[in-house]
Amino acid sequence: MAATVARQPTLDRTLGWFSVGLGVAEVLAPRTMGRMIGVGDHSVVLRMCGAREIASGIGLLSGRAPATFAMSRVVGDVMDLALLGASLSSPRSNPTRVAAAATAVAGVAALDLYASKADLQAAMAEAVEDVPVTASLMINSSPEEVYAFWRKLENLPRFMSYLESVRELDQQTSEWTARTPGGMRLRWQSEIVEDKPGELISWRTRDDSEINHCGSVRFERGPGHRGTLVRVEVYYGMPGGATAAKAAQLFSTAPETIVTQDLRRLKQLIETGEIATTKGQPSGRRSLVGRMFSRGES
Amino acid sequence: MRAVCWQGIHKVGIEDVPDPHLINPRDAIIKVRKAAICGSDLHLYDGYVPTMMQGDILGHEFMGEVVETGPGVSNLSVGDRVVVPFPISCGNCFFCEQEMYSLCENSNPNAHLAERFWGHSPCGIFGYSHLLGGYAGGQAEYVRVPFADVGPIRIPDSVSDEQALFLGDIFPTGYMAAENCNIQEGDTVAVWGCGPVGLFAIASAKMLGAARVIGIDRFPERLNLARRVGAETINYEEMDTLDTLREWTGGRGPDACIDAVGMEAHMHGIQHSYDKVKQALRLQTERPGVLREAIQICRNGGTVSVPGVYGGVADKIPLGAVVNKALTIKSGQTHVHRYMKPLLARIEQGEIDPSFIISHRVDIEDVPDAYAMFRNKDDECVKVVVNMTSNMAS
């Protein structure tokens, strides 16, 4: 599934050479650099920063995993800003020069962020669908009814948390918009591969999608006519494949959890007509940590 | 509005918070008239229930007046006087259809958290940790009641606020504990803990035909109330519980045993010290002394019924006795909805007046002190009812 999202080779190359140049200067002439940016003599720190710059630069120029190296530059920029800030407490620093240097770093950081986001999107569009996600849930309704609710694709954003909208273009194709946990907006077109009323829907994304995936949802009559067993199976593309997907789970919700939660909301909608929530309810004064976990309360 | 908020271990406070509003179509807003502090609130107060957050509004025993209903609630009208069950239940899922309301699959928005702890999630519960939904509770001037078309029942004029209040939790909880004992004519039932749930379990066991009910506690005022509802009593500070039960039952043991104490049991001896140390070190979350005794003394083929609250893992449970004596263990959060109407009928017919357990009546500003008093059993405290309508700010 080759995709056609534009990569940023020119920007990547420019940032790569800039990185190498700056790194070499920092390694070879740390004192001059220190005076220039107003932090005074911090040769060891500056040489270490230089080595980091060279590594990021060579990585970017190699053209391999540009998203990773572009992101490493963003991390480096944040580190540099922190070091510049810390240097201000030293009597040897020159605040005016430090401020000028910080402004320059912030400008470059913006470029780095833009490049890394574009590279990540490009990598996602190229990734092969080899990361599996499966989930299942019993719903107290008939397979026909659950199928009908799902088949009306406009219903999906009502229970899929990251979906913004689904628009059916014709019987087979539909246009989807989602917002990822990181705030990135993804668009794709999906086409239905198989459609058996009351039993199964399977789909795959079209070639020009920003994220590749294919999957199916099955509606099986429960044993003893006890509701419907809904089984979802999705394979999605992740830059770096299954290993990267596992690593990503350390920092964000596992895809299985997301899909299971989506199914739970589907179950609530079908069985009760609404989704159980406490968003908008009152509470007393929260602690700092508490506020992070209770967004949405009044 | 003013609300009772959990602020940390042994810290509750009255805070000004925004009024609740309708969120879902099947919600109603209730203006609370009477709320109660439950023995299980003390487990929150003592910090033994995980996932409480500073600012959580407490309270799952309350009754009041309907002030607003969502478009999905057609059985209630503004002005209705209602009592609200503590479990939040949808009425549509597999479990609700079988009247196992406390196992509702659709009311806990944090079900995934509970599943990590227990494998599966029970229903959401008002004011009882984020593991059970994080719903704002009823120790407040107003409360949002989800699935209001399923839970609250109207209180007839002949029944007072205080008589109806306990239909939301402890009366059905004591009743279900007794019902779980599968009481046969001539049975002897032993009840550990003569607090509110234990007292209702005793009264219910009598109503269900037990020949003999034995209440076990150490506080004279609670033992007095137990005798008032028909129990013989054991003060375990003066008599050995197991020896006495063995003697009184001719060695056979009680036909059914009810643990109305739960995770913070007070016992004697080395075993109690061992449990306290392990609980303090978080090597176990419970102090299961009562459960051990109940299993040990229950007669062969008998039933151990556990309405007492447990939350995590316990140690040294005599499973050998469970197997070799062919015991049945029954438990669960109460399926309150199932019992409200039949028990309301018993109140109307004058069979029981649940308000007999009330020892203290306070206003909302006195609630923090009341928690401490109830916890320490000071001033012969058995049950605290909070009058929410005095000095209303609005």
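None of the values given here were measured: they were computed from a predicted structure. (Residues numbered from 1 in each chain as written. Chains lettered and ligands numbered in written order. Predicted model: local features only at pLDDT ≥ 70, side-chain atom pairs only at ≥ 80, totals over all residues.)

**Considerations on the overall build of chain A**
Assigned secondary structure in chain A consists of nine helices and seven strands. Looking at chain A as a whole, 32% of its 298 residues are labelled buried. In chain A, the share of contacts with a sequence separation of at least 24, taken over all contacts with a separation of at least 6, comes to 57%. (Helix = DSSP H or I, 4+ residues; strand = E, 2+ residues; numbered from the N terminus. Buried ≥ 20, exposed ≤ 12 C-beta atoms within 10 Å, placed from the backbone. Contact = placed C-beta atoms within 7 Å.)

**Details of the sheet that holds strand β2 (residues 11-16) of chain B**
Residue and element names in this part refer to chain B. Strand order in this open sheet of three strands is β2-β1-β4, and the pairing throughout is antiparallel. Single-partner strands in this sheet number two, and they are β2 and β4 (56-57). In the packing of helix α13 (residues 367-376) onto the sheet, the strands contacted are β1 (2-8) and β2, and the crossing angle to β2 comes to about 160°. (Pairing = 2+ DSSP bridges. Axes fitted to C-alpha atoms, helices over the stretch in contact; angles between N-to-C directions.)

**Some details on the domain arrangement of chain B**
Residues and elements named next belong to chain B. Looking at the assigned domains, one finds that chain B contains domain 1 (2-169 + 334-387) and domain 2 (173-331). The C-alpha centroid of domain 2 is placed 25 Å from the C-alpha centroid of domain 1. Listed by partner, the interface residues are 17 residues for domain 1 and 17 residues for domain 2. Those elements that place two or more of their residues in the side of domain 1 that touches domain 2 are α1 (39-45) and α12 (336-348). By residue class, the composition of the side of domain 1 that touches domain 2 is seven nonpolar, five polar and five charged. (Domains from an automatic or database assignment. Nonpolar A, V, L, I, M, F, W, Y, C, P; charged D, E, K, R; others polar.)

**Examining the packing of helix α3 (residues 43-62) of chain A against helix α4 (residues 66-87) of chain A**
Residue and element names in this part refer to chain A. At a minimum axis distance of 8 Å, the contact between α3 and α4 shows a crossing angle of 160°. In terms of axis orientation, α3 runs roughly antiparallel to α4. Here the hand of the crossing between α3 and α4 comes out left-handed. Between α3, through Val45, Cys49, Arg52, Glu53, Ser56, Gly59 and Leu60, and α4, the contact on the second element is made entirely by Pro66, Phe69, Ala70, Ser72, Arg73, Gly76, Asp80 and Leu83. Of the residues assigned to the contact of α3 with α4, the class counts are seven nonpolar, four polar and four charged. (Parallel < 35°, antiparallel > 145°, perpendicular 65-115°, else oblique. Left-handed = near helix turned anticlockwise from the far one by under 90°.)

**As for the interface of chain A and chain B**
At the junction of the two partners, chain A supplies 25 residues and chain B supplies 34 residues. Residue contributions to the side of chain A that touches chain B peak at seven residues, all from helix α8 (residues 255-272) of chain A. Class assignment of the residues belonging to the side of chain A that touches chain B gives a composition of two nonpolar, 17 polar and six charged.

**Let's talk about the environment of B:Gly230**
Residue and element names in this part refer to chain B. Along the polypeptide, Gly230 turns up in the loop between α7 (220-228) and β13 (232-235). Spatially, the C-alpha atom of Gly230 lies 8.4 Å from that of Arg212, the residues being 18 residues apart in sequence. The residues contacting Gly230, other than those within four sequence positions of it, are Ile202, Lys206 and Val213.

**Details of the domain arrangement of chain A**
A common way to report how large an interface is uses the accessible area buried once the components associate. Residues and elements named next belong to chain A. Segmentation of chain A into domains returns domain 1 (9-125) and domain 2 (127-272). If you average the C-alpha positions of domain 1 and of domain 2, the two centres end up 41 Å apart. If you look at the interface, domain 1 gives five residues, while domain 2 gives seven residues. Per element, the largest residue contribution to the side of domain 1 that touches domain 2 is four residues, and it comes from helix α5 (residues 95-126).

**Here's the deal with unusual backbone geometry**
Note: most peptide bonds trans; most residues except glycine with negative phi. Residues and elements named next belong to chain B. At Thr51, a residue that is not glycine, the phi angle is positive and equals roughly 70°. Among the structural elements, Thr51 can be located in the loop between α1 and β4. Here Ser129, not a glycine, exhibits a phi torsion of approximately 80°, which is positive. Tracing the sequence through the fold places Ser129 in the loop between β8 (124-125) and β9 (142-145).

**Brief notes about the pairing of strand β16 (residues 328-331) of chain B**
Residues and elements named next belong to chain B. Note that strand β15 (residues 303-306) and β16 share four bridges and pair parallel. Its bridge partner being in β16, Thr303 is matched across the sheet by Thr328. In this region the chain leaves β15, passes through helix α11 (residues 319-324) and returns to the parallel neighbour β16; the handedness of that crossover is right-handed. (Right-handed = clockwise from strand over helix to strand, strands pointing away.)

**Overview of the sheet that holds strand β4 (residues 185-196) of chain A**
All names here are of chain A. In space, the seven strands of this open sheet follow the order β1-β7-β6-β5-β4-β3-β2, with antiparallel pairing throughout. Pairing within the sheet leaves two strands with one partner each, and these edge strands are β1 (129-139) and β2 (163-168). Adjacent strand axes in the sheet meet at a mean angle of 20° when their direction is disregarded. Where β4 lies against strand β5 (residues 200-205), six bridges are found, and the strand directions are antiparallel. By the bridge assignment for β5, Asp195 is matched with Ile201.

**So, the packing of α4(A) against α5(A)**
Residues and elements named next belong to chain A. Packing of α4 against α5 leaves a shortest axis separation of 8 Å and a crossing angle of 160°. Taken together, the axes of α4 and α5 are roughly antiparallel relative to one another. The chirality of how α4 crosses α5 is left-handed. Of the residues that constitute the contact of α4 with α5, the class distribution is 18 nonpolar, two polar and five charged.

**Structural notes on helix α5 (residues 170-179) of chain B**
Residue and element names in this part refer to chain B. Counting buried positions along α5 yields nine of 10 residues, so the element is predominantly enclosed. Listing the buried residues of α5 in full gives Ile170, Phe171, Pro172, Thr173, Gly174, Tyr175, Met176, Ala177 and Ala178. Summarising the contacts, the buried residues of α5 are in contact with α6 (196-207), β14 (256-259), β15 and α12.

**Focus: the nonpolar core**
Residues B:Ile30, B:Val189, B:Val191, B:Ala201, B:Ile202 and B:Ile258 are the most contacted members of the largest nonpolar core, which totals 128 residues. Discounting residues that sit within four places of it in the chain, B:Ile202 has contacts with B:Val191, B:Val213, B:Gly215, B:Ala226, B:Val229, B:Gly230 and B:Ala231. A:Leu15, A:Phe69, A:Ala125 and A:Ala127 belong to the second largest nonpolar core, which has 16 residues in total. (Core = buried A, V, L, I, M, F, W, Y, C linked by C-beta atoms within 7 Å.)

**Quick look at the confidence of the model for chain A**
Residues and elements named next belong to chain A. Averaged over every residue, the pLDDT of chain A is 85; residues scoring 70 or more account for 90%. Within chain A, helix α7 (residues 241-248) has the poorest average pLDDT of any element, 66, and helix α6 (residues 143-151) the best, 97. With pLDDT under 50 throughout, residues 1-5 is counted as low confidence; its partners more than four residues away or in other chains account for 14 contacts. (pLDDT = per-residue confidence, 0-100.)

**Quick look at the environment of B:Thr328**
All names here are of chain B. By the secondary structure assignment, Thr328 is in strand β16. Here Thr328 falls in the partly exposed class, since 15 other C-beta atoms lie within 10 Å of it. Thr328 sits 325 residues away from Ala3 along the chain, and the two C-alpha atoms are 41 Å apart.

**Some words on the pairing of strand β3 (residues 28-37) of chain B**
In regular strands, side chains alternate between the two faces of the sheet. Residues and elements named next belong to chain B. The buried fraction of β3 is high, at 10 of 10 residues. Pairing geometry for β3 and strand β18 (residues 384-387), over four bridges, is antiparallel. Looking across to β18, one finds that Lys34 is bridged to Asn387.

**Quick notes on α13(B)**
All names here are of chain B. Those residues of α13 that fall on the buried side of the exposure criterion are Val367, Ala370, Tyr371 and Phe374. Angular distribution of buried residues about the axis of α13 spans 105°; they occupy a single face of the element. Summarising the contacts, the buried residues of α13 are in contact with β1, β2, β3, α1, β17 (360-363) and β18. After α13 finishes, the residue Lys377 shows a positive phi value of roughly 55°. (Arc of directions from axis to C-beta.)

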